[in-house]
Amino acid sequence: MTTKRVTCDIPLNRVEGDLEIKVALEGGRVVDAWSSGTMFRGFERIMEGRGPLDGLVITPRICGICSLTHLYAAARALDQIYGVAPPANAVRLRNLALMVETVQSDVRQSLLMFLVDFANPAHAGRSFYPDAVARYEPLRGARCLEAVRETKQLLEIVAIIGGQWPHTSFMVPGGVVFSPALPDLFKCRNRVVRFKRWYEETVLGCSLERWQQVDGGEALDRWLGEQPAHRAGDVGQLLRMGGEIGLDALGQGPGRFLSVGSLPLPSGSAVSGWGAGPDLVPAGFVDGKTVHPFSQQMVSEHVAWSWYADQPGGLHPFASVTDPVASGAEGHKYSWVKAPRYFGLTVETGPLAEGVVAGHPLLTDLVRANGPSALTRQLARLIRPALMLPVMERWIDELIAEHSGKFYQPAPLLKDGQGVGLIQAARGALGHWVTIEKGRIARYQIITPTGWNGSPRDANGVRGPWEEALLGTPLEDPDNPVMAGHVIRSFDPCLVCAVHVVGSSRRIGLAM
Amino acid sequence: MAVADRAIICVGNRFMAEDDTGLRVFELFSGIPLPDGVELVDGGLGGLNLLSLLEGRTEVIFVDTLDVSMTAIGEVIVLDGREVAALAESYGHAAGLPYLLHMLPLVCPPPWPRCRVVGTAAPATRESLLAIVRTTLELLADASAA
């Protein structure tokens, strides 16, 4: 085994076509990494000078995966600017749509994009390999087909309540534009109930109630050994396969976690938040074991290593600009992704961060024991629907009971101001920072989850979260870097959103 | 509301010149009367999420940007849905029509619509956009006559 330091690009195109990873290797392990978003996005510049409401139509088209999330963030920023509070029913509908998008994303990402890598020929000698191929092989694995079928019927909820599909813009300042009829709400409930049953039977292998009792690492081990159905479910498969290849010891990120909070609790709802604060998903920053309150004032963007005009240190998004400079710093700058920081620090965001901030007993125990590993990070994503589905059902019941209530609070005439729309997308913290001047958008800055997790180095030379997480990853075959793929994919990168418009690979005929 | 038997689904990204063919054609179709029983859809970046728009139809024409390896700039071609489905690879955030059409018969109950894709390589010229409109209408007319 060589101890010589070698630097090479590794092909992770199946992770994202617009993502390039360069690593330095010593002794067959990654000792340094550089993550590069290879395309300029520029949506912020497209927004400048447009009407204030245009963000509701344009930003959902940033990404086909997180369309509703961008819509919600844009609407919340405008709610703030216009000083209007959406009625409880509007909050419920907005939340329901976002949760549908999140749950389908969690399941599709886990089964179609993460577990599929266990069917990689690099794992051919592993005990799980034949089963992994049968279940998760691309295009034909039995579980992959089921995941598409079931998430499709769940997504129909958005078509029902959004009034347009795809790319609905049904959220507006002050609420939503549509009051669904009772039969439509019954259809929504039926879809959630059906999906929940499928999730219990095949993803968990047990009831939600039994799963909620798993409150730590030891309880998880007991649960796994309790019944064959637990081991046969996708959660059980993830734990067994991930454990066999050592994913519980790989992919350690910066060890700091950020949630900006999400899914505001409607007034009068019987649903309680998962932590402190006004949202179902609490906001907070965790460094070590302490949960600190979140303040958007502490967010900054660095561009020292990004292809943008230089600025001193990091700037708050209301002060930051998007001024692309593609030349003059070759060999130094290496990404179109900016480097967001919180309190000047790198942070991880996503379902694991949400769990740690909320004090989820299982996830906090696993992080305490093994750190934020790739396995725990992916587990957090696959089990998040277990938390969301009962709340979705409850909010639909409340919508049915309160159906005669308001869904829209008229907003005052358009006025100038600044607003921040913060939301937890499926992949983590999303923020829209909007400035309206003279009735036009003067500034629009967006920080995406992959911006946080996939950032390049900052002004202090500190690596981004998944650059850090790659350190120590074994890389036996640079042409098939399956372990690096597991680590990167545990963050669920979405470069179409973080760096630019949708990747060219979506066009017919290009290899993905 | 009943689903129209036939649909023109224009896909792509109107904010990306290399991928805006479908949406530019959508704008052209928006200004002209369509044959009876034909629905025009802005499919945008829907990708796999367009599955539910295919159910209950007999004929779907997709309009999209095609890779330059398949056609020349200005040249309009028609691909059968099965040819496009054969190009599918693993699922990803950027999965497009190949993955959608591959999954259609695997996850949706029959009968499935006949699917075809009309497009050209980017950047699409005005003439090629108009040619796509003509070709799409001819395909729909042929399907009606059949």
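Here, every reference points to the structure presented above.
A quick note: this is a predicted structure, and the numbers were derived from the prediction, not measured. (Residues numbered from 1 in each chain as written. Chains lettered and ligands numbered in written order. Predicted model: local features only at pLDDT ≥ 70, side-chain atom pairs only at ≥ 80, totals over all residues.)

Right, let's get into the sheet that holds strand β9 (residues 299–302) of chain A. Residue and element names in this part refer to chain A. With antiparallel pairing, the 3 strands of this open sheet are ordered in space as β10-β9-β11. This sheet does not close on itself; its edge strands, each paired only once, are β10 (314–315) and β11 (339–342). Pairing of β9 with β10 involves 2 bridges; the strand directions are antiparallel. Across the sheet, residue His-302 finds its bridge partner in β10, namely Gly-314. (Pairing = 2+ DSSP bridges. Helix = DSSP H or I, 4+ residues; strand = E, 2+ residues; numbered from the N terminus.)

A regular strand places its side chains on the two faces of the sheet in alternate fashion. All names here are of chain A. Inspection of the sheet shows strand β14 (residues 428–437) paired to strand β15 (residues 440–447) by 7 bridges, in the antiparallel sense. The residue of β15 that forms the bridge with Gly-431 is Ile-447. Adjacent in sequence and paired antiparallel, β14 and β15 are bridged by 2 residues, among which Lys-438 carries a positive phi angle near 50 degrees.

All names here are of chain A. Its place among the elements puts Gly-246 in the loop between α11 (234–244) and β6 (256–264). Exposure remark for Gly-246: the 14 C-beta atoms within 10 Å place this residue in the partly exposed category. Here the alpha-carbon distance between Gly-246 and Leu-375, two residues 129 residues apart in the chain, equals 8.5 Å. (Buried ≥ 20, exposed ≤ 12 C-beta atoms within 10 Å, placed from the backbone.)

Quick look at unusual backbone geometry now. Cis geometry marks the peptide bond from Trp-165 of chain A to Pro-166 of chain A, where omega comes out at -5 degrees. Following the sequence through the fold, Pro-166 of chain A ends up in the loop between α6 (142–162) and β4 (171–172). The omega angle of the peptide bond from Ala-122 of chain B to Pro-123 of chain B is 0 degrees, so this bond is cis rather than trans. In this fold, Pro-123 of chain B is placed in the loop between β5 (114–121) and α4 (126–145). Even without a glycine there, the phi angle at Leu-139 of chain A is positive, about 75 degrees. Leu-139 of chain A gets classed as partly exposed once you count the C-beta atoms within 10 Å, which come to 18. Although it is not a glycine, Leu-263 of chain A sits at a positive phi angle of roughly 60 degrees. Mapped onto the secondary structure, Leu-263 of chain A falls in strand β6.

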